[in-house]
Amino acid sequence: MRIARFSHQDSIRFGIVDDTDLVVLSGDPMFAGYDTTGERVPISDAVLLAPVIPRSKIVCVGRNYRDHAAELGNDVPAAPLLFFKPNTSVIGPGDTIVLPPQSSRVDFEGELAAVIGRIAKNVPADKALEYVFGYTIANDVTARDLQQTDGQWARAKGFDTFCPLGPAIETDFDVDGDAVITTRVNGEVRQQGPISDMIFSLADVIAYASAAFTLLPGDVILTGTPAGVGPFAAGDTVEVEITGLGTLRNPARAA
């Protein structure tokens, strides 16, 4: 099932994607279930929004693909390398990534994102995927020069607009399958790799993270990016596509 969060007639609602329509839900399905109102809204008449705004946090995994670690001159971590992005960094499909004046190099990082569906604390890996509500696409936008000079990643990863999410949440997705992440800039493929190349599986990441801090419904986990990351500029359009999840597309402009 594919769930979208959308704006229509000055109201923000949730709907089940059914071909070219949205079957309107009575509330947030993560908390209210899948009861429908009987209304259908053509997707062409709606504005798709970020499918979730994390109520608490975005948990990210750094260097979770060997080739990506190597391309930046880093060793492969011995355990998941976790960091946070603030929920104020989230934007939706079609929204504009704003390039901050503090940075002279901003990179794209296409990633698979998982949305936590219920409270998770000290979750074992073999049960971890039971806590996932669904999956979507993310772009872990990064001010690469600031990441290198700051020595920690909060500012470089956390600017407003630096976490595009969307276009929808897919509840039926094989995270252990053969889906491929492809990132394009202005239609040109820059990044491509299978999610099966992750060093630490999503289940392992959830177990590792939940042993340290509680994951709450609506929290988002970004699972890392394959090799091929690189810069983009004002006027560019970045597209991240994941097999079975669709395409997340965002233009960029200078601040």
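Conventions adopted
Residues numbered from 1 in each chain as written. Predicted model: local features only at pLDDT ≥ 70, side-chain atom pairs only at ≥ 80, totals over all residues. Heavy atoms only, no water. Helix = DSSP H or I, 4+ residues; strand = E, 2+ residues; numbered from the N terminus. Rg over C-alpha atoms; globule rule 2.2 N^0.38 Å. Buried < 20%, exposed > 50% of the residue type's maximum accessible area, 1.4 Å probe, protein only. Contact = heavy atoms within 4.5 Å. Areas by Shrake-Rupley, 256 points an atom, 1.4 Å probe, with all protein chains shown as cover. Lys, Arg positive; Asp, Glu negative; His and termini not counted. Charge placed at Lys NZ, Arg CZ, Asp CG, Glu CD. Pairing = 2+ DSSP bridges. Polar contact = N/O pair within 3.5 Å; in protein donor to acceptor, adjacent residues only side chain to side chain. pLDDT = per-residue confidence, 0-100. Core = buried A, V, L, I, M, F, W, Y, C linked by side-chain atoms within 4.5 Å. 1 Å grid on protein atoms, 1.4 Å probe; cavity = no way out; pocket = protein on both sides within 12 Å on 5 of 7 lines; lining within 4 Å. Points joined across faces, edges and corners; volume = space filled by probe spheres on them. Nonpolar A, V, L, I, M, F, W, Y, C, P; charged D, E, K, R; others polar. Axes fitted to C-alpha atoms, helices over the stretch in contact; angles between N-to-C directions.

**Description of the overall build of the protein**
Part 1 of the reasoning: If you tally the helices and strands in the protein, you get five helices and 20 strands.
Part 2 of the reasoning: A compact globule built from 255 residues should have a C-alpha radius of gyration of about 18 Å, and the protein, at 17 Å, falls within 12% of that.
Part 3 of the reasoning: Judged by the C-alpha coordinates and their principal axes, the protein covers about 55 × 45 × 30 Å.
Part 4 of the reasoning: In the protein, which comprises 255 residues, the proportion classed as buried is 54%.
Part 5 of the reasoning: By sequence separation, contacts in the protein at least 24 residues apart represent 72% of the contacts at least 6 residues apart.
Part 6 of the reasoning: A total of about 10,600 Å² of accessible surface is found on the protein, and carbon and sulfur atoms cover 48% of it.
Part 7 of the reasoning: A distance of 5 Å separates the average location of the 20 positive side-chain charges in the protein from that of its 33 negative side-chain charges.

**As for the sheet that holds strand β10 (residues 106-108)**
Part 1 of the reasoning: Taken in spatial order, the three strands make up an open sheet running β13-β10-β18, and their pairing is antiparallel. Lying at the two open borders of the sheet, with one neighbouring strand each, are β13 (142-143) and β18 (230-231).

**Quick notes on the environment of Ala154**
Part 1 of the reasoning: Its place among the elements puts Ala154 in helix α4 (residues 154-158).
Part 2 of the reasoning: A relative accessible area of 48% means that Ala154 is categorised as partly exposed.
Part 3 of the reasoning: Note: C-alpha distance between Ala154 and Phe84 (70 residues apart in sequence) is 7.1 Å.

**Considerations on the side chain of Asp140**
Part 1 of the reasoning: Position of Asp140 among the secondary structure elements: in the loop between β12 (132-139) and β13.
Part 2 of the reasoning: Asp140 gets classed as buried once you look at its relative accessible area, which sits at 1%.
Part 3 of the reasoning: A polar side-chain atom of Asp140 sits 2.8 Å from a polar atom in the side chain of Lys157.
Part 4 of the reasoning: Leaving out residues up to four positions away in the same chain, Asp140 has contacts with Phe83, Lys85, Asp107, Glu109, Glu111, Lys157, Phe162 and Leu222.

**Points about the confidence of the model for the protein**
Part 1 of the reasoning: Averaged over every residue, the pLDDT of the protein is 97; the share at 70 or more is 100%.
Part 2 of the reasoning: When mean pLDDT is taken per element in the protein, strand β9 (residues 97-99) scores highest with 99 and helix α2 (residues 66-71) scores lowest with 80.

**Comments concerning the nonpolar core**
Part 1 of the reasoning: Of all hydrophobic cores here, the largest spans 30 residues; its most connected members are Tyr135 and Phe173.
Part 2 of the reasoning: The set of elements that each furnish at least two residues to this core consists of β6 (58-62), β11 (110-116), β12, α5 (202-210) and β19 (237-242).
Part 3 of the reasoning: Among the elements that take part in this core, α5 stands out by supplying four residues, more than any other.
Part 4 of the reasoning: Every residue in contact with Tyr135, bar those within four places of it in the chain, is listed here: Leu112, Ala113, Ala114, Leu129, Ala168, Ile169, Glu170, Phe173, Val175, Leu202 and Leu245.
Part 5 of the reasoning: Within the second largest apolar cluster, 17 residues are counted, among which are Met30, Val52, Ala113 and Val220.

**Examining the layout of surface pockets**
Part 1 of the reasoning: Size it by volume and the largest pocket reaches roughly 240 Å³.
Part 2 of the reasoning: Considering the residues around the largest pocket, the lining is formed by 19 residues, among which Arg63, Leu72, Asn74, Gln147 and Trp153 are closest to the centre.
Part 3 of the reasoning: Counting residues per element, the ones that place at least two in the lining of the largest pocket are β6 and α3 (144-150).
Part 4 of the reasoning: Considered class by class, the residues forming the lining of the largest pocket number four nonpolar, nine polar and six charged.

**Structural notes on the sheet that holds strand β15 (residues 180-185)**
Part 1 of the reasoning: On the basis of which strands lie adjacent, the open sheet formed by five strands has the order β9-β20-β19-β15-β16 and mixed pairing. Only two strands of the sheet have a single partner each, and these edge strands are β9 and β16 (188-194). Taking each pair of neighbouring strands and ignoring which way they run, the sheet shows an average axis angle of 20 degrees.
Part 2 of the reasoning: Bridge count between β15 and β19: five bridges; the pairing is antiparallel. Across the sheet, residue Thr183 finds its bridge partner in β19, namely Val240.

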